[in-house]
Amino acid sequence: MQNIVVETEQDAKAAMQMLKRQNAGRATFLPVRTMKGNLLRESGLDRTPGFVGIASELIHYDAKYDGVMRHLLGRIAVMETLDS
């Protein structure tokens, strides 16, 4: 797993400590309560031929995860084709 979603920063800290204690590697933790994320805001992108939308806005998920989804997918433009 590359990103592990947890409820709070405290949960993330506890999980990191567990990984350290067990010498179990590293992971990135995304605390739901503090994640904000960003959206791609390129001028004129919505008028670009082949532009479908911003990835985080094209999927359905519980609003609770908005910050996480924006962090992971908010700066990804989805296009109709590779040439677009």
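Residues numbered from 1 in each chain as written. Predicted model: local features only at pLDDT ≥ 70, side-chain atom pairs only at ≥ 80, totals over all residues. Heavy atoms only, no water.

Overview of a nonpolar patch on the surface
Our working rule: Residues enter a patch when their relative accessible area is above 30% and they make no salt bridge; the linking distance is 9 Å between like charges and 5 Å between nonpolar side chains (Val, Leu, Ile, Met, Phe, Trp, Tyr). Calculation of accessible area relied on Shrake-Rupley with a 1.4 Å probe; when residues are assessed, cover is drawn exclusively from the protein chains displayed. Should a side-chain nitrogen of Lys or Arg be within 4 Å of a carboxyl oxygen of Asp or Glu, the pair is scored as a salt bridge. Labels follow the DSSP assignment, with helices taken as runs of H or I lasting at least four residues and strands as runs of E lasting at least two, numbered in each case from the N terminus. Any residue under 20% of the maximum accessible area for its type is buried, any over 50% is exposed, and the rest in between are partly exposed; the area is computed with a 1.4 Å probe on protein chains only.
Among the surface-exposed residues, V52, L58 and I59 lie close enough to one another that they form a single nonpolar patch of about 230 Å² accessible area. Summarising the element assignment, V52 is placed in strand 3 (residues 51-54). Note on V52: relative accessible area 42%, which makes it partly exposed.

Focus: helix 2 (residues 66-73)
Stated formally: It only takes one pair of heavy atoms within 4.5 Å for two residues to be counted as in contact.
Taken together, the buried positions of helix 2 are G67, V68 and M69. Here the buried face of helix 2 lies against strand 1 (3-6) and strand 2 (28-31).

Thoughts on helix 1 (residues 9-21)
How we decide: Expected helix span is given by 1.5 Å per residue-to-residue step, counting one fewer step than there are residues. Starting at the helix axis, one direction is taken to each C-beta atom, and the arc is that of these directions.
Helix length check: helix 1, at 13 residues, gives a terminal C-alpha distance of 18 Å against a target of 18 Å (1.5 Å per residue), a fit within 8%. Among the residues of helix 1, A12, A15 and L19 are the ones counted as buried. End-on, the buried residues of helix 1 take up no more than an arc of 65°, which puts them together on one face. Exposed and facing more than 90 degrees away from the buried side of helix 1 are Q10, K20 and R21. At its buried positions, helix 1 is contacted by strand 1 and strand 2. Phi for N23, located one or two positions after helix 1, is positive at around 50°.

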